[in-house]
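Residue-level structure breakdown
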Amino acid sequence: MCGIIGYVGTSPAKPIILEGLKRMEYRGYDSAGIAVFENGKISSEKKAGKLQVLTDEVSEDHWSGTAGIGHIRWATHGIPNDVNAHPHTDCTGKIYLIHNGIIENFHELRERLTAEGHEFTTQTDTEVLTHLIESHLPGNSLSEAVKASLKEVIGTYGLAVVSEMDPDTIVAARLGSPLILGIIGDGEYMIASDATAILPHTREVIYLDEGEVVTVNRKGFTITTVDNTTVEKNSSKIEWDIQQAEKQGYDHFMLKEIMEIPRVIEDGLRGRLIIEDGIAHFGGFLEYEDKWRSIERIVIVACGGAAIASRVGEYMLEEYASIPVKVEIGSEFRYRKPVLDEHTAVVIVSQSGETADTIASLREAKRQGVFTFGIVNVVGSTIAREVDAGMYIHAGPEVAVASTKVMSGMVAMFSLLTLAIGRQRGMSLVTGKRIAKELQNVSLLAEKMLKKNTETIKSLAKKYATYDNAFFLGRKYNMPSAFEGALKFKEIAYVHAEGYPSGELKHGPLALLDDRFFVCAITPKDSVYEKNLSNIQEVRARKGVVLALATEGDTGIEQYVDDVIYMPKTLEMLTPILSMIVVQLLAYYTAVERKCDIDQPRNLAKSVTVE
Ligand code: F6R
């Protein structure tokens, strides 16, 4: 949430910053702003609305400065307007600051600084930082003033500051919000909250850790803690490709990312399956085999779509690895009093690796001394670095705010984990081989399904986009796909949709059913097929309109429903990989019909780095 960027070097900073903001726009799109050094002075502009509004505003500004900062905002404190947009400045107008996070003690600080004579012009929590730095600046360098200020702050931040007192220097710091330093070459650097903004310029990056502050100008950079202890850090290479973060001819990132799912599954499994032995092998398991053997219970913690994908993992692990599993929502887990012990493994699941509640849950688990394992997409992210062990999803950058391909990747990772733990706990070779073989094949099935069914889904979306409400039903492995369908319909198509376990509808929600509802019933030919058919009948008996997701060849289902989308046959535990794709694509085309802003749905942002 919120994207911050800074550049110092020899090229004009404005286009580099605006391009970087464009690449991070999924982090927030309420307002945007920029501040660039011009011969020792700072020129700044900020505008409410999408980045394009700012870009148009500064198009005539012939700024030639080669150092500056930029921000895109997802509002927390203060409505999205020009005034509350970042950068914020102090009373002198010589300090400019951008911030991602929340300053929790801003109220006290604001009262104190106001009493000291500082004048506040915005409703944001961030503005206190500019005045605080201003108050520490006399007699100090910018870097010293920033560090002194941060000691007074309670909350979270990824921030960058520039001041006319220290021309062409950026001071940036992180605590609870990601921050990366990009090394372009001698005298040319970037800072950003997201690797995608840095990627067009360099692959060489340094990930800042919690409580670290970087001071960067053309002479180089220094990293210290807030307490001013110097920190030596090694750089890493970003493995992602720049094309992966571009639309490549698709109308939306979401569609491109759905179409990438077969490739994502294939990449995620590559080198991690030995079919003839029926095993999965990957570092996060092999290096901790004894530890896994001692585990008696797994608690999975995630938020949003990641928690939905985790529910598939829960069912797989319990059925095939015979280990008790519970899925917890990060924002709850962190505040209740979870009972964990040395035989519990906490599995942390996150695309971004930066979700605030998920990180807090990981830290709670670590505080209790339990083994933590991450299933994460973004390499080098906070969660990836803080877990004891883990596996990367290897899906490449996911840009659309609504997660799709990474959710499939998460399910694929859970399949590997199930195979690895299951085989350790008595799963037979025959079962192991069957799972491994089907898993290997599922990307091909997904690819074929996309080729065959995309047009059908598109035309059905035209019909169902006219409904204001929807129920998504699924049982056992496809209950999470029902949740996913409902989430995506709400999130990108702004349709009121509810996801339920199929058997649960008659316990209350069925009372809502009327002609403004359609019911999407996920009904593959699996162990609960007949039960699901009965639930469809219950809906039909009340004149409900039903769209079924069924297994290829099950033409019999057509007599009970209004429309059918067919999915290829696969192992029951892998069916959600296919059904999730279908409901995501249905939501996508429904959103197209309803003319929604698909990649940037209203009120949302990717990477939820605030509570
Ligand atoms: C749903 C969606 C969100 C994320 C959630 C977790 O389409 O995109 O619900 O799944 O914010 O994000 P990560 O996986 O980055 O922790």
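All of these numbers come straight from a predicted model, not from anything done at the bench.

Across its full length, the chain holds 19 helices and 26 strands. Here the C-alpha radius of gyration of the chain, 25 Å, is about what a compact globule of 611 residues would show, namely 25 Å. C-alpha atoms of the chain, sized along the principal axes, occupy 80 × 55 × 40 Å. Among the 611 residues that make up the chain, the fraction classed as buried is 62%. Considering only contacts in the chain between residues 6 or more positions apart, those separated by 24 or more positions represent 71%. Accessible surface, the chain as shown: approximately 22,500 Å² in total, 50% of it carbon and sulfur. Averaging the coordinates of the 65 positive side-chain charges in the chain and doing the same for the 83 negative ones gives two points 5 Å apart.

Bringing the environment of Leu 129 into the picture now. Among the secondary structure elements, Leu 129 is positioned in helix 4 (residues 127-136). Residue class for Leu 129 comes out buried when judged on its relative accessible area of 1%. For the pair Leu 129 and Val 153, spaced 24 residues apart in the sequence, the C-alpha separation amounts to 8.3 Å. Sequence-distant contacts of Leu 129, that is, excluding residues within four places in its chain, are made with Leu 97, His 99, Ile 103, Leu 150, Val 153 and Leu 159.

Turning our eyes to something else, we now look at the site of the ligand. If you check the shell around the ligand, you find 15 residues, and the closest are Ser 350, Gln 351, Ser 352, Thr 355 and Lys 488. Separating an oxygen atom of the ligand from a side-chain N or O atom of Thr 355 is a distance of 2.5 Å. In isolation the ligand exposes 410 Å². Once the protein is present, 89% of that is buried. Put simply, the ligand lies in the largest pocket. For the shell around the ligand, the secondary structure elements donating two or more residues are helix 11 (304-321) and helix 17 (479-493). The residue makeup of the shell around the ligand includes at least three contributed by each of domain 2 (241-427) and domain 3 (455-601).

Strand order in the open sheet formed by 6 strands is 5-6-7-8-12-13, with antiparallel pairing between adjacent strands. Sheet topology places strand 5 (88-89) and strand 13 (220-225) at the edges, where each strand pairs with a single neighbour. Two strands pair when backbone bridges link them, and strand 7 (residues 157-163) and strand 8 (residues 170-175) are joined in this way by 5 bridges, in the antiparallel orientation. Each bridged residue has a counterpart across the sheet, and for Leu 159 the counterpart in strand 8 is Ala 173. Taken strand by strand, helix 4 contacts strand 5, strand 6 (95-100) and strand 7, and its axis lies near 140° from that of strand 6.

Here we come to the pairing of strand 24 (residues 517-523). Among the 7 residues of strand 24, 7 are classified as buried, and the element is accordingly described as predominantly covered. Taking every second residue as pointing to the same face, both faces of strand 24 are buried, with Phe 517, Val 519, Ala 521 and Thr 523 on one and Phe 518, Cys 520 and Ile 522 on the other. One ladder, built from 5 bridges, connects strand 22 (residues 469-474) with strand 24; its direction is parallel. Bridging from a neighbouring strand, Ala 470 pairs with Phe 518 of strand 24. In the sheet, strand 24 pairs with strand 25 (residues 545-551) via 6 bridges, with the strands oriented parallel. Bridge pairing in strand 25 links Cys 520 to Leu 547. This β-α-β element, strand 24 to helix 18 (residues 529-540) to strand 25, shows right-handed connectivity.

On to the domain arrangement of the chain. Many authors give the size of an interface as the accessible area that is lost as the parts come together. When the domains of the chain are assigned, the result is domain 1 (3-238), domain 2 (241-427) and domain 3 (455-601). Measuring from the centre of the C-alpha atoms in domain 1 to the corresponding centre in domain 3 gives 45 Å.

Across all of its chains, the model carries 4 cavities of 30 Å³ or more by this definition. Counted as a void, the largest cavity has a volume near 240 Å³. Surrounding the largest cavity, 25 residues form its lining, Arg 27, Asp 194, Ser 352, Glu 354 and Val 378 being those nearest its centre. Viewed by domain, the lining of the largest cavity spans two of them, domain 1 (3-238) and domain 2 (241-427), each represented by three or more residues. Volume-wise, the second largest cavity comes out at about 90 Å³. In terms of lining, the second largest cavity is formed by 14 residues, of which the most central are Cys 2, Trp 74, Thr 76, His 86 and Gly 101. By residue class, the composition of the lining of the second largest cavity is 4 nonpolar, 8 polar and 2 charged.

On to the layout of surface pockets, then. Looking at the largest pocket, its volume works out to about 690 Å³. Every element with two or more residues in the lining of the largest pocket is listed here: helix 11, strand 19 (344-350), helix 13 (356-367), helix 15 (405-424) and helix 17. The dominant element in the lining of the largest pocket, judged by the number of residues it contributes, is helix 17, at 4 residues. A breakdown of the residues in the lining of the largest pocket according to their chemical character gives 14 nonpolar, 10 polar and 7 charged. Split by domain, the lining of the largest pocket shows at least three residues from each of two domains, domain 2 (241-427) and domain 3 (455-601). By volume, the second largest pocket amounts to about 310 Å³.

By the element assignment, Asp 30 lies in the loop between helix 1 (13-23) and strand 2 (31-38). Despite its burial, Asp 30 pairs with no opposite charge; the closest candidate is Arg 73, at 5.7 Å N-O. For Asp 30, the contacting residues outside a window of four places in its chain are Ala 48, Gly 49, Arg 73, Trp 74, Ala 75 and Pro 80.

So, how was this worked out
- Residues numbered from 1 in each chain as written.
- Predicted model: local features only at pLDDT ≥ 70, side-chain atom pairs only at ≥ 80, totals over all residues.
- Heavy atoms only, no water.
- Helix = DSSP H or I, 4+ residues; strand = E, 2+ residues; numbered from the N terminus.
- Rg over C-alpha atoms; globule rule 2.2 N^0.38 Å.
- Buried < 20%, exposed > 50% of the residue type's maximum accessible area, 1.4 Å probe, protein only.
- Contact = heavy atoms within 4.5 Å.
- Areas by Shrake-Rupley, 256 points an atom, 1.4 Å probe, with all protein chains shown as cover.
- Lys, Arg positive; Asp, Glu negative; His and termini not counted.
- Charge placed at Lys NZ, Arg CZ, Asp CG, Glu CD.
- Near = heavy atom within 4 Å.
- Polar contact = N/O pair within 3.5 Å; in protein donor to acceptor, adjacent residues only side chain to side chain.
- 1 Å grid on protein atoms, 1.4 Å probe; cavity = no way out; pocket = protein on both sides within 12 Å on 5 of 7 lines; lining within 4 Å.
- Sits in = over half its atoms within 2 Å of the grid points.
- Domains from an automatic or database assignment.
- Pairing = 2+ DSSP bridges.
- Axes fitted to C-alpha atoms, helices over the stretch in contact; angles between N-to-C directions.
- Right-handed = clockwise from strand over helix to strand, strands pointing away.
- Points joined across faces, edges and corners; volume = space filled by probe spheres on them.
- Nonpolar A, V, L, I, M, F, W, Y, C, P; charged D, E, K, R; others polar.
- Salt bridge = Lys/Arg side-chain N within 4 Å of Asp/Glu carboxyl O.

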